[in-house]
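This is what each chain is made of:
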Amino acid sequence: MHIFLTGATGFLGTVLLRDLLIKGHTVTALARPKQGLSPAARIKGRLLDYDPGFSFDKYLGRSLLVAEQGQGSEYLGLDKKSFLKYASLADMIIHNAACTQLEAEWGVYEKVNIQGTRQAIEFAANTASKSLAYTSSAYVAGTRTGRVTEDDLVVEGGFRNGYEKSKAIAEHEVRKAALNGKIRAMIFRPSIIVGCSRNGWMCQEHHFFDFIFRLSLIHKIIIKQLASLKLKVDYHFRIPGDPQTTKNFVPVDYVAHSIALLIEKAQSWGKTFHLTHPKPLKLKNLESYVQKALGWEQITLCPKKEIRDLSPLEKKFFHSTQIYEKYFWEEPCFDQSNLKSVLDGHLPVPEPISQELVSQLVGFIKAKHLYRRNLRLNRCPGPVSV
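From a predicted model like this one, the values you see are computed outputs, not experimental measurements.

Caption draft 1: Representation of the environment of Leu-76 within the structure. Relative to the elements of secondary structure, Leu-76 occurs in the loop between strand 3 (64–68) and helix 4 (80–89). For Leu-76, a relative accessible area of 7% puts it in the buried group. Each C-alpha atom of the pair Leu-76 and Ala-104 lies 20 Å from the other, and the pair is 28 residues apart in sequence. In this view, Leu-76 contacts Phe-4, Thr-6, Leu-30, Gln-69, Phe-83, Ile-93, Gly-116, Gln-119, Ala-120 and Phe-123; residues no more than four positions away in its chain are not counted.

Below, the structure is given as structure tokens:
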């Protein structure tokens, strides 16, 4: 198939692009130049960061084509002529681009997540098969609890943030266009995507990366303070959250692999799929895994009533990561009936979120932090105090 892919330099997009190329598809990847790098150079950098052994030059110009995205707000950032040309060449579009910030300005969500999806619908309508595969989010369920099916979508429901609401509205646009016969569509709803199960790789803009990175910095501050005071104490650090609630984490390679399988199944069209973990992780277990991975046994979850009693350093961390706190209390159970019915005997099983995987993810984050720190030091013309 010839696939037009948006979001090709993103976290999921990078892994998905690699999988599609290896499976023999021709992919036109939409990307824009940034920080002096061409779209092709950005895509190459992402792919080789994820998989250093990937034969990028083997694919470029053959089965990998690059469409340069401009700054325009229409036609997916292309001019109209190019938009229609690329659509005429493609068998389908996978619309994977989105603003994934949890609390951006609503205008950003409106432009990127909603208007961008409407433009992807128009693109799909101009392909030969009028086909759109859309990456939504399991968290269009918002604040609902209990069992949520893949066909459930309540646009007027309660949401934790603008991201969830914008993805629900965008998914509704896709469903409406398919219902009206303008396009045919399949919809993917991944849960919280974490790093690759093979090597821990993830983008530094990722939410889990950010949370663990900040926690690691706080740990360093505490150790430095204790060392300066020559103290050896049992220092507890509280993070608000319910230890009995679950968090549905899925490795990025599982999500990409599932999408690559689903787009090849004729039965996928007209369906929505929860790309979620069948065995979500309890926060109590995540607490234990992170303790061991960071070498910080004193991290503990605490109830909401203790938020007002947090120490100054605990409050500093809480306020810097408060956008994530809303996910630490409850979440629904994501039904996967559609996924099981379509993939049947070929259903991928995600790696368990184990101590080994969490340690691998934390190790990757710490290594990236050290790499960034060394870059800053090497660029500095004079001595630096650390």
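Here the narrative resumes, following the displayed structure.
Caption draft 2: Structural view of the sheet that holds strand 4 (residues 92–95). Strands sit in the order 3-2-1-4-5-7-12 across an open sheet of seven strands; the sheet is parallel. Edge positions in the open sheet fall to strand 3 and strand 12 (272–275), since each of these has one partner strand only. Here the average twist between neighbouring strands, direction ignored, is 20°. Two strands pair when backbone bridges link them, and strand 4 and strand 5 (residues 131–135) are joined in this way by three bridges, in the parallel orientation. Directly across from Ile-93, in strand 5, lies its bridge partner Leu-132. Each of strand 2 (26–31) and strand 3 is contacted by helix 2 (residues 39–50), which is oriented at about 130° to strand 3, the strand it contacts most.

Caption draft 3: Broad picture of helix 6 (residues 162–179). Its 18 residues give helix 6 an end-to-end C-alpha distance of 25 Å, which sits within 8% of 26 Å, the value for a rise of 1.5 Å per residue. Listing the buried residues of helix 6 in full gives Tyr-163, Glu-164, Ser-166, Lys-167, Ala-168, Ile-169, Ala-170, Glu-171, Glu-173, Val-174 and Ala-177. Structurally, helix 6 contributes buried residues whose contacts are with helix 5 (106–125), strand 5, strand 7 (184–190) and strand 12. Where helix 6 begins, the side chain of Asn-161 points an oxygen toward the backbone nitrogen of Tyr-163, at a separation of 3.3 Å. Gly-181 sits one or two positions beyond helix 6 and adopts a positive phi of about 85°.

Caption draft 4: Structural detail: the pattern of salt bridges. Counted according to the given criterion, the structure contains 19 salt bridges. For Lys-176, the salt bridge is made with Glu-173, and the minimal N-O distance between the two is 3.6 Å. On the criterion of helical spacing, the pair formed by Lys-176 and Glu-173 is a turn pair, its members being three residues apart in helix 6. Lys-176 gets classed as partly exposed once you look at its relative accessible area, which sits at 38%. Overall, Glu-173 belongs to the buried group, its relative accessible area being 13%. Each of Glu-110, Arg-118, Glu-173 and Lys-176 takes part in one network of salt bridges that share partners.

Caption draft 5: The arrangement of unusual backbone geometry in detail. Even without a glycine there, the phi angle at Leu-76 is positive, about 60°. Even without glycine at this site, Asp-344 takes up a positive phi of about 45°. The exposed category is assigned to Asp-344, whose relative accessible area is 60%.

Caption draft 6: How the structure looks around the nonpolar core. Among the nonpolar cores identified, the biggest contains 91 residues, and Leu-17 and Ile-263 are the most heavily contacted of them. It is helix 7 (residues 207–228) that provides the largest number of residues to this core, a total of nine residues. Setting aside chain neighbours within four positions, we find Leu-17 in contact with Leu-5, Ala-8, Val-27, Ala-29, Ile-43, Leu-47 and Leu-64. Counting residues in hydrophobic clusters, the runner-up holds 23 residues, among them Leu-76, Leu-78, Ala-124 and Ala-185.

Caption draft 7: Representation of the packing of aromatic side chains in the model. Summed over all chains, the structure comprises 17 aromatic pairs. Summarising the aromatic geometry, the rings of Phe-237 and Phe-317 are spaced 5.8 Å apart at their centres and angled 70° between planes, so their arrangement reads as edge-to-face. Taken together, the residues Phe-237 in strand 9 (residues 237–240) and Phe-317 in helix 10 (residues 312–320) connect sequence positions 80 residues apart. Of the two residues examined, Phe-237 and Phe-317, each falls in the buried class.

Caption draft 8: Molecular detail of helix 8 (residues 252–262). The buried fraction of helix 8 is high, at ten of eleven residues. Regarding helix 8, the residues found buried are Val-252, Asp-253, Tyr-254, Val-255, Ala-256, Ser-258, Ile-259, Ala-260, Leu-261 and Leu-262.

Caption draft 9: Local environment of the side chain of His-2. Locating His-2 in the fold gives a position in strand 1 (residues 2–5). A distance of 2.8 Å separates a polar atom in the side chain of His-2 from a polar atom in the side chain of Thr-28.

Caption draft 10: Structural detail: the pairing of strand 2. Across the six residues of strand 2, five count as buried, placing the element largely inside the fold. Bridge analysis of strand 1 against strand 2 gives four bridges, and the strand direction is parallel. For Phe-4, the partnering residue across the bridge sits in strand 2 and is Thr-28. Taken together, strand 1, helix 1 (residues 11–22) and strand 2 constitute a β-α-β crossover, and its handedness is right-handed. With five bridges connecting them, strand 2 and strand 3 associate as parallel partners. Following the sheet pairing, Leu-30 is matched in strand 3 by Ala-67.

Caption draft 11: Broad picture of the side chain of Glu-331. If you trace the backbone, Glu-331 turns up in the loop between helix 11 (322–325) and strand 15 (333–334). A residue is classified by how much of its surface remains accessible, and Glu-331, at 9% relative accessible area, is buried. A distance of 2.6 Å separates the side chain of Glu-331 from the side chain of Tyr-139, its partner in a polar contact. One polar contact links Glu-331 to Lys-247, side chain to side chain, over a distance of 3.4 Å. Aside from chain neighbours lying at most four places away, what touches Glu-331 is Tyr-139, Arg-144, Arg-160, Thr-245, Thr-246, Lys-247, Asn-248 and Pro-280.

Definitions and cut-offs
Residues numbered from 1 in each chain as written. Predicted model: local features only at pLDDT ≥ 70, side-chain atom pairs only at ≥ 80, totals over all residues. Heavy atoms only, no water. Helix = DSSP H or I, 4+ residues; strand = E, 2+ residues; numbered from the N terminus. Buried < 20%, exposed > 50% of the residue type's maximum accessible area, 1.4 Å probe, protein only. Contact = heavy atoms within 4.5 Å. Pairing = 2+ DSSP bridges. Axes fitted to C-alpha atoms, helices over the stretch in contact; angles between N-to-C directions. Expected span 1.5 Å × (residues − 1). Polar contact = N/O pair within 3.5 Å; in protein donor to acceptor, adjacent residues only side chain to side chain. Salt bridge = Lys/Arg side-chain N within 4 Å of Asp/Glu carboxyl O. Core = buried A, V, L, I, M, F, W, Y, C linked by side-chain atoms within 4.5 Å. Phe/Tyr/Trp six-rings, centres within 6.5 Å; stacked < 30°, edge-to-face > 60°. Right-handed = clockwise from strand over helix to strand, strands pointing away.

Bear in mind that shape data such as this cannot, by itself, settle questions of function.
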